[in-house]
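Listed here are the chains, written in short residue letters.
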Amino acid sequence: MSDRPVIIGFDGTPAAEQAVRAAAATLTSRHAVVVVVWEAGRAYELLEVPTLSVGVPMSGMDIRAASEVDNAAAESARRIAEQGAALAMELGMRAEGMVVADDITVAATLVRIAKEQDAGVIVVGSHGHRGITELLLGSTAREVVKQAPCPVLITRPEHPVRHQ
């Protein structure tokens, strides 16, 4: 079996946990890099809040508060990555967590990491969105499949979301 690492996209959701479980069940002896992608700097977007049509500025966030929110988001991403890596290790994989700032999209970031790590496979969980929801929201899994430099394992949720 290849020694190339397994890249597991992880966001702490049940779908992501299912992806780790599937990776561990089929790729146990491989090294896993559990990747959490987060959007750095989103809090700073609130600094430039538009004014109301009557010329009164809406209350925005000051730079200190934006920095605190951004730091909290980074810390949360770090904890989620540790949880994902711990789950993979509990299930028998050699694993490490990695936190990466989203530079384009989650899918593009996972593909970039897979290329940089010379990954043997990328594992992502599907959240079970169907129909118009998937069309409107896009699908990280679908984009990873389109762009991946290696095979992709997509896991389905045990209880998919049903839309009527």
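1. Focus: helix α2 (residues 63-90)
- An ideal rise of 1.5 Å per residue puts 40 Å on 28 residues; α2 measures up with 40 Å between its terminal C-alpha atoms.
- Regarding α2, the residues found buried are Ala66, Asp70, Ala77, Ala81, Gly84, Ala85, Leu87 and Ala88.
- The inward-facing, buried residues of α2 contact α1 (14-26), β2 (31-38) and β3 (94-101).
- Count one or two residues on from α2 and you reach Gly92, which has phi positive near 100°.

2. Here we look at the sheet that holds strand β1 (residues 6-9)
- The strand order across the open sheet built from 5 strands is β3-β2-β1-β4-β5, with neighbouring strands paired in parallel fashion. Here the strands that pair on one side only, and so sit at the sheet edges, are β3 and β5 (152-155). The average angle at which neighbouring strand axes cross in this sheet is 20°, direction not considered.
- Contacts from helix α5 (residues 140-147) reach β4 (121-125) and β5 within the one sheet, and its direction differs from that of β5 by about 165°.

3. Here we look at the pairing of β2
- Taking burial as the measure, the 8 residues of β2 include 7 buried ones, the bulk of the element.
- Pairing between β1 and β2: 4 bridges, direction parallel. Residue pairing across strands places Ile7 opposite Val33, the latter belonging to β2.
- The handedness of the β1 to β2 crossover, carried by α1, is right-handed.
- Bridge count for β2 against β3 is 8 bridges, and the pairing is parallel. Following the sheet pairing, His31 is matched in β3 by Arg94.

4. A word on the packing of α1 against α2
- α2 packs onto α1 with a crossing angle of 35° between their chain directions and a minimal axis gap of 9 Å. Classified by chirality, the crossing of α2 by α1 is right-handed. Listed contacts from α2 to Glu17, Val20 and Arg21 of α1 are Gly84, Leu87 and Ala88.
- Residue classes in the contact of α1 with α2 are distributed as 3 nonpolar, 1 polar and 2 charged.

So, how was this worked out
- Residues numbered from 1 in each chain as written.
- Predicted model: local features only at pLDDT ≥ 70, side-chain atom pairs only at ≥ 80, totals over all residues.
- Heavy atoms only, no water.
- Helix = DSSP H or I, 4+ residues; strand = E, 2+ residues; numbered from the N terminus.
- Expected span 1.5 Å × (residues − 1).
- Buried < 20%, exposed > 50% of the residue type's maximum accessible area, 1.4 Å probe, protein only.
- Contact = heavy atoms within 4.5 Å.
- Pairing = 2+ DSSP bridges.
- Axes fitted to C-alpha atoms, helices over the stretch in contact; angles between N-to-C directions.
- Right-handed = clockwise from strand over helix to strand, strands pointing away.
- Left-handed = near helix turned anticlockwise from the far one by under 90°.
- Nonpolar A, V, L, I, M, F, W, Y, C, P; charged D, E, K, R; others polar.

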